[in-house]
Amino acid sequence: MPELPEVETVRRGIESLVVGRTISSVTVGRERSVRRVGREAVIHGLTGMSLTSARRRGKYLICDVSSGDRMMIHLRMSGRVLIHPPNHPRPPHTHVVLTLEADQHGERRDHTHEFRFVDPRTFGEVVVYDPVDEREVLPELARLGIDPLIDHFDDDVLWNLLRTRRHAIKPLLLDQHVVAGIGNIYADEILHRSGIKWDRLASSLSRQRMARLRQSISDVLTEAVAAGGSTLQDTQYVDVDGEAGWFQLDHRVYGRGGLPCLTCGKTSITRVVSNGRSTCFCRICQR
Ligand SMILES: [Zn+2]
């Protein structure tokens, strides 16, 4: 499932290749991808318009439309945004297509392209709406927690968010109402780098250890964005050009159950499954 670094990589692709270009036509195949507002709202809301910005909050992509509307895209489990020439074969499960007119702002924009929303499992969404209705259409946006790469995020912020929480630290990191954008991959990597075991109660962490956690959140996410995100065999995440990220090469625990710990070299990575979610950690490095 794409997390903050993957969504940020897609956002950057949309910003450089899509913002400012006229959307000459829109087709919607699978209604489920536009279930929140319906096919007509997406087609009429985008045809003849252009995107004027591409922003991100947590795992949500939010684009301003020249009409004053907004477009929100959430990739959920398997969503992808691909920007390809029209003669490039459309992959199976392409549910929404925006045809982008050529413009003069760069050599990669001087031909017609298709913006393709591809989503085999169809949990993802494309929503076009009037910002006045945002709280009604997308109530979850207002409830999102701190975005560690956008909002002011220092040691005091994390300390104040977590120090009284008598819950295991990992589910708190995954809770989008607390910190927005972290999923299973980056939670495991962040906790390993922090030296914190996944089930430690947040309220039991010293201020110093919480500061180390804050630093690891910022560092791991920033490094993963620089690497274009993580592409795993099962999730098929790719950027808008269809290229894989490479942060998976730097994973120290995620997906490495049973393999030697790269940090201490003294034991193998433990994998446990709790509430249907796997967690990988080192029993020596993380306490
Ligand atoms: Zn270790």
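Criteria and cut-off values
- Residues numbered from 1 in each chain as written.
- Predicted model: local features only at pLDDT ≥ 70, side-chain atom pairs only at ≥ 80, totals over all residues.
- Heavy atoms only, no water.
- Donors = N, O, S within 2.8 Å, 3.2 Å for Na, K, Ca; no water.
- Tetrahedral: all angles 85-135°; square planar, octahedral: opposite > 155°, others 65-115°.
- Helix = DSSP H or I, 4+ residues; strand = E, 2+ residues; numbered from the N terminus.
- Buried < 20%, exposed > 50% of the residue type's maximum accessible area, 1.4 Å probe, protein only.
- Pairing = 2+ DSSP bridges.
- Axes fitted to C-alpha atoms, helices over the stretch in contact; angles between N-to-C directions.

**Student:** Can you walk me through the coordination of the zinc ion in this structure?
**Tutor:** Four donors placed tetrahedrally about a metal ideally form angles of 109.5 degrees, and six donors placed octahedrally ideally form angles of 90 or 180 degrees. Coordination sphere of the zinc ion, protein contribution only: C261 (SG), C264 (SG), C282 (SG) and C285 (SG), at 2.2 to 2.4 Å. Metal-centred angles of 105 to 114° between the four donor atoms at the zinc ion mark the site as tetrahedral. Each donor residue of the zinc ion lies on one chain, and together they are spaced C-x2-C-x17-C-x2-C. Of this pair, C261 sits in the loop between α8 (207-226) and β9 (270-274) while C282 sits in the segment after β10 (277-281), placing them 21 residues apart in sequence. In this structure, C261 and C282 share a single accessibility class: buried.

**Student:** What am I meant to see in the sheet that holds strand β8 (residues 125-129) here?
**Tutor:** Sheets are built from strands that pair by backbone hydrogen bonding, the pairs being arranged parallel or antiparallel. The strand order across the open sheet built from four strands is β2-β3-β4-β8, with neighbouring strands paired in antiparallel fashion. The two strands at the open ends of the sheet, each matched to only one other strand, are β2 (51-57) and β8. Pairwise comparison of adjacent strand axes, ignoring direction, gives a mean angle of 20° for this sheet. Two strands pair when backbone bridges link them, and strand β3 (residues 60-65) and strand β4 (residues 70-74) are joined in this way by five bridges, in the antiparallel orientation.

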